[in-house]
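Take a look at the letters that make up each chain.
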Amino acid sequence: MSDSQEAHPKVETVADISEDSLVWKQYSGEHELHLVTDLIDKELSEPYSIFTYRYFINQWPQLCLLVLHNGTCVGTIVCKMDRHRETFRGYIAMLVVDMPYRKHKLGSKLVCRAIEVMKAEGVEEVMLEAETTNEGALRLYERLGFIRDKRLHKYYLSGQDAFRLKLLLPAPDHITYDMMAVEMAQNAAQTEEN
């Protein structure tokens, strides 16, 4: 095996995921913290302390969403909401989908579900930062209506630049977040029944 193959091993993608095998849920307590931290620590380049996780999750648990497949957390989003000057702003701090589960729109669905929660709370805009080299994330957010607001030089500890992305709400007409929020509510109801 060459050095380049060792540095970037090929990851097998999960080919088939039925909606029935996924559980979409809101963070429900400290017993689930490791599900969020383990996945984020594994997949994101930026290190976060336990205090950072708790800052977001304890104040805005309704904005920490998880997707489970066969009992394993394969995706999560961590967000917050607060007033910024005259605007009530949502902020997406972390979004992760486990590598083998990418290309199944799980990231898009997590973002849409989080945005629906924020909209219900009266958020007027949603912000986030993404590495300028993370083309997949940039495409995902731009497909959902986010625009590049500014470039932040050497934003990350690695020295990498970031784009600040912004979504003004209400979202453009061609984006329908409501359907995904309904889907999440239905899945939650099914989980409670079982």
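Up top is the structure these notes are about.
Note that the structure is predicted; figures quoted are calculated from it, not measured.

Enquirer: How do you make sense of the packing of aromatic side chains when you look at a structure like this?
Expert: For any pair of aromatic rings, the description rests on two quantities: the centre-to-centre distance and the angle between the ring planes. Enumeration according to the criterion identifies six aromatic pairs in this entry. Taking the centre distance of 5.0 Å and the plane angle of 80 degrees together, the rings of Tyr55 and Phe56 count as edge-to-face. Judged by centre distance (5.3 Å) and plane angle (75 degrees), the rings of Tyr141 and Phe146 are edge-to-face. For Tyr141, a relative accessible area of 5% gives the class buried. Members of the aromatic cluster, each reached through a chain of ring pairs, are Tyr55, Phe56 and Trp60. Residue placement shows Arg113 over the ring face of Trp24; its charged tip is 3.8 Å from the ring centre. A cation over a ring is seen here: Arg148 above Phe163, with NZ or CZ 4.4 Å from the ring centre.

Quick notes on the rules
- Residues numbered from 1 in each chain as written.
- Predicted model: local features only at pLDDT ≥ 70, side-chain atom pairs only at ≥ 80, totals over all residues.
- Heavy atoms only, no water.
- Phe/Tyr/Trp six-rings, centres within 6.5 Å; stacked < 30°, edge-to-face > 60°.
- Buried < 20%, exposed > 50% of the residue type's maximum accessible area, 1.4 Å probe, protein only.
- Lys NZ or Arg CZ within 6 Å of the ring centre and 35° of its normal.

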